[in-house]
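What follows is each chain in one-letter form.
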Amino acid sequence: MRFATYTKTAALGFLQVANYRTEVWFQVFSKLLVFSGIILLWSVIGTGNSGQTYSQLIAYFLVANGVREFVDALYGKFGSVMIDDIKGGKISAYLLQPTHTVIFMYFKYLGTRGVAMFFAVLYIIMGIILAPPTTILAGFLFLLIVGSGSVICFAQSTMVGSCAFWMTEAKGIKNVVNHVSKVFSGALIPLTFFPIAYQTPAMFSPFASYAYLPATLLQTKTIDTFLLLQVGASVGWALMLLYISRLIWRKGVRQYEAIGL
Amino acid sequence: MKRSDFRQALKIRWKIISSCTMFGLKESLAYSLNNWGNLLSMVVYMTTYLIFLDILFGRVTTIAGYGYAEMLFFTLIIQVNYYLLFVITQHNTEILNASINTGELDLWLVKPVPALWFVSFRKINLGELLFSAFPATIPLLVILAGKWSSLQMPFWGVVAGVLCIILGQVITHCFVFMLSMTAFFTGEGKYARNMGVEISTFGDTIPFEGYPKFMKYIGLTVVPFMIQTALAVSFFLGKSTNYDVLIYVFGLTVFFLWLKTVTWKFALRHYSSASS
């Protein structure tokens, strides 16, 4: 199967959303509103105890939330789409196509995220302008982490979505993962604010790749061994979760009963 | 309107709301495993939120003048309001949007039922409220119970707070519903509705006293996002004592209910149904 099939599917998804222009503006306004909520909260809490200036803190949240949105970890909607497709039986048609089903579904969904991804990139750029990375290595590692974060989120959504093969409706499970990810990704509160005992496990969890790690990489002055270890853990998580998600998906498909098949 | 007609209208509306609630309950019970998932999700959310508060209060002593126990109470009211918004408004506006988008609304408009009432309360997921939302709030209530004595709650403040929650929910419902009605004009209103929900919960970000003056003004007038949570908690805890505001809030509720009806009629006139 040619890769162009997937990119065309993504383009079609984007056009479906872009057709409703007013909706695009509503989406843009919603994103601004969510972010202004975070800024408002931190303007009240203050930066006195964080050891960061206000602009550094804003830069952190811009990058953290930008990356989180970019990799789809904000709501993990790919998981919801997968659950709906399995529940509604749409997946039967996808399984018959000469494509890789999960990748086809992902690209179809990816297109609909065009506006959100564009806005996420804007957030990241604004964050970089406010607090630019100090070394080229930091910039390179940032890109690597965005890549591994995307893979982790894709694997997470596939695993959560595959639960629908057994449960039919699995959005509750999806929400569990989302809530945990929200706090432990560092998007709401930097992981350095956590009590020492919880800091290290949170930093080495797969969720750190969604927000804390990329934002820290852009703000750090030196890349030390501890940070490199976190990057290594993120790549490790990405490979391991991708493999596990594939296993779960295959097991789910084997026991899927479609009407008419 | 004659008294018998009025009674009949009330009877129909009660029948619609009770039947839809029963149907919603049965529907939610059908996916029992997911109900456990939802419960787990809400417990996890509550736990992570409490961790978030603990971490914050490890660094600061107050947030906008609210101590730890007061912030816990603020969280409780956020939860109550969120669940009410989710169960009554979010579900129904989501279905309304899909109905307009697919043309399914045509079917309901030709039936002899009060259409606005029906689409407003078509699905009330009582199951989610009883089996997920309420049990998930228990850990918060337990922690709060130990700190209850440190909360100062004047009697009239509690009355005003409860009224703010009820009236605020009605206003929020009307506000989100009106934004969802953009689907009548554009064919799709998913993000308009999402924006309505985001705006409505914006008043849950920080306590009332922490908002800048201009935001308080906006949040209590054209975009009423502050009434059901921020203002309500301020009354509950005796931080706001100007009860005259309640008269204004009542007036605002009546205005929003009127506006919702007018917007509905206007939107219907511009509805290009699937069959037309």
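Please read these numbers as outputs of a predicted model, since none were measured by experiment.

Novice: Report on the overall build of chain A, specifying residues and quantitative values.
Specialist: Tallying secondary structure elements over chain A gives 13 helices and zero strands in all. The linear arrangement of helices and strands in chain A, starting from the amino end, is α-α-α-α-α-α-α-α-α-α-α-α-α. The globule rule puts the C-alpha radius of gyration for 261 residues at 18 Å, and the 19 Å found for chain A is close to it. A principal-axis box enclosing the C-alpha atoms of chain A has dimensions of 65 × 40 × 35 Å. A buried classification covers 44% of the 261 residues belonging to chain A. Across chain A, the fraction of contacts at a sequence separation of at least 24, relative to all contacts at a separation of at least 6, is 81%.

Novice: Can you break down the overall build of chain B residue by residue, with the values?
Specialist: Within chain B, the secondary structure is distributed over twelve helices and zero strands. Listed by position from the N terminus, the elements making up chain B come as α-α-α-α-α-α-α-α-α-α-α-α. On C-alpha atoms alone, chain B measures out to a radius of gyration of 20 Å, which is about the 19 Å that the 2.2 N^0.38 rule sets for 276 residues. Along the longest, intermediate and shortest principal axes, the C-alpha atoms of chain B span 60 × 45 × 40 Å.

Novice: With reference to specific residues and values, describe the packing of helix α2 (residues 32–59) of chain B against helix α6 (residues 126–147) of chain B.
Specialist: Residue and element names in this part refer to chain B. One way to put it is that α2 packs onto α6 with a least axis distance of 9 Å and a crossing angle of 30°. By the angle between their directions, the pair α2 and α6 is classed as roughly parallel. Crossing of α2 over α6 shows right-handed handedness. Taking contact as the criterion, the partners of Asn35, Asn38, Leu39, Met42, Val43, Met46, Thr47 and Leu50 in α2 are, on α6, Gly127, Glu128, Phe131, Ser132, Ala133, Pro135, Ala136, Thr137, Pro139 and Leu140. Taken together, the residues that form the contact of α2 with α6 break down as eleven nonpolar, six polar and one charged.

Novice: Tell me what's going on with the interface of chain B and chain A, and back it up with residues and numbers.
Specialist: In this complex, chain B contributes 34 residues to the contact, which on the side of chain A involves 33 residues. Of all elements in the fold, only α2 and α9 (190–200) of chain B reach the threshold of two or more residues within the side of chain B that touches chain A. At 15 residues, α2 of chain B tops the list of elements feeding residues into the side of chain B that touches chain A.

Novice: I'd like a rundown of the confidence of the model for chain B, residues and numbers included.
Specialist: Residues with a pLDDT of 70 or more make up 98% of chain B, whose mean pLDDT is 85. Overall fold confidence for the complex sits at a pTM of 0.79, while the interface term, ipTM, reaches 0.72.

Novice: Outline helix α1 (residues 3–30) of chain B, supporting the account with residue identities and numerical values.
Specialist: Counted at 1.5 Å a residue, the expected span for α1 of chain B with its 28 residues is 40 Å, and the 41 Å between its end C-alpha atoms agrees. Summarising burial for α1 of chain B: two of the 28 residues are buried, a small minority.

Novice: For the environment of Ala233 of chain A, give the residues involved together with the corresponding values.
Specialist: Here Ala233 of chain A shows up in helix α13 (residues 225–254). A residue is classified by how many C-beta atoms lie within 10 Å of it, and Ala233 of chain A, with 18 of them, is partly exposed.

Novice: Lay out the environment of Phe23 of chain B in plain terms, naming residues and giving numbers.
Specialist: All names here are of chain B. When you line up the elements, Phe23 lands in helix α1. The exposure class assigned to Phe23 is partly exposed, which follows from the 13 C-beta atoms found within 10 Å. Once the C-alpha coordinates of Phe23 and Leu268 are considered, the two residues, 245 residues apart in sequence, prove to be 27 Å apart.

Novice: Go over the environment of Leu10 of chain B, please, and point to the residues and values.
Specialist: Residues and elements named next belong to chain B. Secondary-structure assignment places Leu10 in helix α1. Leu10 sits in the exposed class, given 10 other C-beta atoms within 10 Å. Note: C-alpha distance between Leu10 and Asn97 (87 residues apart in sequence) is 26 Å.

Novice: Could you give an account of the packing of helix α8 (residues 136–162) of chain A against α13 of chain A, naming the residues involved and the relevant values?
Specialist: All names here are of chain A. Packing of α8 against α13 brings their axes to within 8 Å, and their N-to-C directions diverge by 25°. Judged on the interaxial angle alone, α13 and α8 are roughly parallel. Taken as a pair, α8 and α13 cross one another with a handedness that is left-handed. Residue-level inspection shows Leu141, Leu144, Ile145, Ser148, Val151, Ile152, Ala155, Gln156, Thr158, Met159 and Ser162 of α8 in contact with α13, the latter providing Val231, Ser234, Val235, Trp237, Ala238, Leu241, Leu242, Ile244, Ser245, Ile248, Trp249 and Gly252. Per-class residue counts for the contact of α8 with α13 are 16 nonpolar, seven polar and no charged.

Novice: I'd like to hear about the nonpolar core, residue by residue, with values.
Specialist: Among the nonpolar cores identified, the biggest contains 67 residues, and Val63, Ala64, Val67, Tyr106, Ala164, Tyr210 and Tyr212 of chain A are the most heavily contacted of them. Here this core gets eleven residues from one element, more than from any other, and that element is α8 of chain A. Residue contacts for Ala64 of chain A: discarding those within four places in its chain leaves Gly186, Ala187, Ala211, Tyr212 and Ala215 of chain A. Judged by nonpolar contacts, the second largest core, of 48 residues, contains Phe26 of chain A together with Leu96, Ile171 and Ala230 of chain B.

Cut-off values and rules
Residues numbered from 1 in each chain as written. Chains lettered and ligands numbered in written order. Predicted model: local features only at pLDDT ≥ 70, side-chain atom pairs only at ≥ 80, totals over all residues. Helix = DSSP H or I, 4+ residues; strand = E, 2+ residues; numbered from the N terminus. Rg over C-alpha atoms; globule rule 2.2 N^0.38 Å. Buried ≥ 20, exposed ≤ 12 C-beta atoms within 10 Å, placed from the backbone. Contact = placed C-beta atoms within 7 Å. Axes fitted to C-alpha atoms, helices over the stretch in contact; angles between N-to-C directions. Parallel < 35°, antiparallel > 145°, perpendicular 65-115°, else oblique. Left-handed = near helix turned anticlockwise from the far one by under 90°. Nonpolar A, V, L, I, M, F, W, Y, C, P; charged D, E, K, R; others polar. pLDDT = per-residue confidence, 0-100. Expected span 1.5 Å × (residues − 1). Core = buried A, V, L, I, M, F, W, Y, C linked by C-beta atoms within 7 Å.

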